[in-house]
Amino acid sequence: MNRLASTLDAQEFPALLRAEPAAMRRWIEQNRRDRWILCLGTIVLGAGLYGAVMGWWRHPLQALFTGIKFPLVILITTLGNSLLNAMLAPLLGLNVTLRQSLMVILMTFTIAAALLGAFSPLALFAVWNTPPLTATTGLASPEYGFLQLTHVAFIAVAGVLGNVCLAPLLRQWSGSAAVARNVLMAWLAANLLLGSQICWLLRPFIWDPARPVEFLGPEYFRGSFYETVFDAARRLLSS
Amino acid sequence: MSDYNHPPPLPSASLPFSPGQPAARPPADDPADQQPIAGFVETVESLLRQPRRLMHQLRQPGRGHAISALLFMAILCALVYGLVVGTFSGGTQLWAAPVKTVVGLFFAAAICLPSLYIFACLGGSQVRLIEVAGLLAGLLALLTVLLVGFAPVAWVFSQSTKSEVAMGALHLGFFLVATCFGLRFLLSGFTRLNTRPAGLSVWTLIFVLVLLQMTTALRPLVGTADTLLPGSKEKKFFLTHWSECLRQPAPEGRQALQR
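Residues numbered from 1 in each chain as written. Chains lettered and ligands numbered in written order. Predicted model: local features only at pLDDT ≥ 70, side-chain atom pairs only at ≥ 80, totals over all residues. Heavy atoms only, no water.

Undergrad: I'd like a description of the overall build of chain A, backed by residues and values.
TA: Scanning chain A from N- to C-terminus turns up ten helices and zero strands. Starting at the N terminus and walking to the C terminus, you meet the elements of chain A as α-α-α-α-α-α-α-α-α-α. Its C-alpha atoms give chain A a radius of gyration of 19 Å, within 12% of the compact-globule value 18 Å for 239 residues. When the backbone C-alpha atoms are referred to their principal axes, chain A occupies close to 55 × 50 × 30 Å. Residues classed as buried in chain A amount to 52% of the 239 residues present. At a minimum sequence separation of 6, the contacts of chain A that also span at least 24 residues come to 74%. Of the roughly 10900 Å² of accessible surface on chain A, 72% is carried by carbon and sulfur atoms. (Helix = DSSP H or I, 4+ residues; strand = E, 2+ residues; numbered from the N terminus. Rg over C-alpha atoms; globule rule 2.2 N^0.38 Å. Buried < 20%, exposed > 50% of the residue type's maximum accessible area, 1.4 Å probe, protein only. Contact = heavy atoms within 4.5 Å. Areas by Shrake-Rupley, 256 points an atom, 1.4 Å probe, with all protein chains shown as cover.)

Spelled out as structure tokens, the structure:
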């Protein structure tokens, strides 16, 4: 860690958080291992911490599992979409290499993870104030709904801000606001599509009343997020 | 659209990434666009980053090699994506879906090529059939390369859902997005040739309809059936087939989820 700190300028990480285009440009231009490690470390730490808070409501073991799974969602999504994102950018007018696009997306997730890490004391406060899980708690219980909404709000804010930070860089890079917007939207859509499904596969993150505490159950590989949403909407409309 | 026609220069050692400056738009006869393309990887790179370089190659005397490379790339990428489509059902579909994907795409392109050429001529163009074929090969190559980009996402979904309708809709969505980019390549190719075929919008509609009908004519692509291809009494228009699929009861997994 000391070696990492010595090779990285102490101001680089705050500059990344401020989304300074010049700093982000340096990160993309220079392929340095210490920056990759810093990004991965921030994602593991920030998202892991937030994940642990999410799972804490149920059980410390669930906190451990969610703390591992949440960074995994981000990393699997980044890697799974890396090829697609690198293809979409040049087609939309921004010439980037696979490594550059991977670094850019990793940086946005790094910012989001740092935000999540910063939100985790607040989320922990929300968890602490939520009535504990009892035998009568169900999926329709208000406390569970409150926790779900709280986490969704924190994660959405972190995700949106992480991506919005990317806009000035893309605008400068491409020299066109329209290209920057299109690339950002395409990357967002691709990450949302895969990210939602990865979340679905790796659930539960908070709690599943039908199962004991476990990392993954075989039934969690069934179905898809969008199918369930579609079915729910269809049931709602037909009732 | 103009952004696509004039993409910013490729960051390289000699031309470093410079976000501080607006991307320069190279002139039409940029020497970089006239560099010969060698090898599979360079063809993919040109297709994605330097389409004008590829279009320049398609106008040169040795264009046969470029077209062959594009067609080879399209076959290879369609096979890869078809394999991902086949992993949903496994078994026979592991080889049938890739073959059907290749056959469907190439058959659709082959039957649409004459009309594209005629439309180009009707627009007053001096374009040759081989040039139009080259652009169509570029469309197929770009479409299938993008599908390979979508393949990891499609695979994740195919391993987790049991719903043929959901998987079909997902593949269809990916196909439509990839086709849009392919059609943009075709349009910019015609712009490069200083021509715009009369009724290109009509041709685009026809091409998309043919591709969609292929999904029904070559069924099952997703899921399984007793036969590899539908019999003569099972011919359907794709909209009919899709509406029938939507009316089917939910699979066991989904019913369980609904409970």
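Read on, since the account is not over.
Undergrad: Any chance you could break down the nonpolar core for me, citing the residues and the numbers?
TA: Ranked by size, the top nonpolar core spans 129 residues in total, and within it Leu170 of chain A together with Leu47, Leu186 and Trp203 of chain B carry the most contacts. When residues of this core are assigned to their parent elements, the largest contribution, 19 residues, is made by helix α6 (residues 129-160) of chain B. Ignoring any residue separated from it by four or fewer positions in sequence, one finds Leu47 of chain B in contact with Leu91 of chain A together with Leu54, Leu70, Met73, Gly138, Ala141, Leu142, Val145 and Phe185 of chain B. (Core = buried A, V, L, I, M, F, W, Y, C linked by side-chain atoms within 4.5 Å.)

Undergrad: Requested: an account of the side chain of Ser82 of chain A, with residues and values cited.
TA: All names here are of chain A. Positionally, Ser82 belongs in helix α5 (residues 60-91). Take Ser82: its relative accessible area is 13%, and that puts it in the buried class. Of note is the side chain of Ser82, whose polar atom sits 2.7 Å from the backbone oxygen of Leu79. Residues contacting Ser82, with those up to four places away along its chain left out, are Leu98, Ser101 and Leu102. (Polar contact = N/O pair within 3.5 Å; in protein donor to acceptor, adjacent residues only side chain to side chain.)

Undergrad: Break down the packing of aromatic side chains for me, with residues and values.
TA: Note on aromatic pairs: each is described by the distance of the centres and the angle between the planes. In total, this model carries 13 aromatic pairs over all chains according to the counting rule given. Measuring from ring centre to ring centre gives 4.7 Å for Phe237 of chain B and Phe238 of chain B, while their planes differ by 50°; the resulting arrangement is tilted. Judged by its relative accessible area of 44%, Phe237 of chain B is partly exposed. Residue Phe238 of chain B is classed as buried on the basis of its relative accessible area, which comes to 4%. Each ring, one from Phe238 of chain B and one from Trp242 of chain B, has its centre 4.9 Å from the other, and the planes form 65°; the classification is edge-to-face. On the criterion of helical spacing, the pair formed by Phe238 of chain B and Trp242 of chain B is a turn pair, its members being four residues apart in helix α9 (residues 238-247). Residue class for Trp242 of chain B comes out partly exposed when judged on its relative accessible area of 26%. Among the aromatic side chains, those forming a connected cluster through ring pairs are Tyr50, Phe70, Phe119, Phe154 and Phe205 of chain A. (Phe/Tyr/Trp six-rings, centres within 6.5 Å; stacked < 30°, edge-to-face > 60°.)

Undergrad: Can you tell me about the environment of Leu169 of chain A, naming the residues and giving the values?
TA: Residues and elements named next belong to chain A. By the secondary structure assignment, Leu169 is in helix α8 (residues 166-174). Exposure remark for Leu169: the relative accessible area of 0% places this residue in the buried category. It is 40 Å that separates the C-alpha atoms of Leu169 and Leu61, two residues lying 108 residues apart in sequence. Non-local contacts of Leu169, meaning those with residues more than four positions away in its chain, are made with Pro21, Met24, Arg25, Ile28 and Val104.

Undergrad: Quick rundown of the environment of Ala151 of chain B? Include the residues and the values.
TA: All names here are of chain B. Within the fold, Ala151 resides in helix α6. Separated by 70 residues in sequence, Ala151 and Tyr81 place their C-alpha atoms 6.0 Å apart. Sequence-distant contacts of Ala151, defined by excluding residues within four places in its chain, comprise Tyr81 and Val84.

Undergrad: Quick rundown of the environment of Ala96 of chain B? Include the residues and the values.
TA: Mapped onto the secondary structure, Ala96 of chain B falls in helix α5 (residues 93-122). Separated by 122 residues in sequence, Ala96 of chain B and Leu218 of chain B place their C-alpha atoms 10.0 Å apart.

Undergrad: Which residues make up helix α9 (residues 177-201) of chain A, and what values go with them?
TA: Taking 1.5 Å of rise per residue, 25 residues should cover 36 Å, and α9 of chain A covers 36 Å from first to last C-alpha, within 8% of that figure. Its side-chain oxygen 3.3 Å from the backbone nitrogen of Ala178 of chain A, Ser176 of chain A forms the N-cap of α9 of chain A. (Expected span 1.5 Å × (residues − 1).)

Undergrad: Could you give an account of the side chain of Gln100 of chain A, with specific residues and numbers?
TA: All names here are of chain A. Within the secondary structure, Gln100 sits in helix α6 (residues 98-129). The buried category is assigned to Gln100, whose relative accessible area is 6%. Polar contacts involving the side chain of Gln100 include one to the main-chain amide nitrogen of Thr97, which spans 3.1 Å.

Undergrad: Go over the confidence of the model for chain B with me, naming the residues and quoting the values.
TA: Residue and element names in this part refer to chain B. On average, residues of chain B score 81 in pLDDT, and 85% of them reach the 70 mark or higher. Segment residues 1-27 is flagged for pLDDT under 50; beyond a separation of four residues in sequence, or across chains, it makes 54 contacts in the model. Here residues 252-259 is modelled with pLDDT under 50, and outside its nearest four sequence neighbours on either side it reaches 14 contacts, counting other chains as well. The ipTM assigned to the predicted complex is 0.73, against a pTM of 0.78. (pLDDT = per-residue confidence, 0-100.)

Undergrad: A description of α5 of chain A should follow, citing residues and the corresponding values.
TA: Residues and elements named next belong to chain A. Between its first and last C-alpha atoms α5 spans 46 Å; for 32 residues at 1.5 Å apiece the expected length is 46 Å, and the two agree. The axis of α5 is deflected most strongly, by about 50°, at Ser82. Of all 32 residues in α5, 23 are buried, a share of seventy percent or more. Count one or two residues on from α5 and you reach Gly93, which has phi positive near 110°. (Bend = angle between axes of the 7 residues up to and from the residue.)

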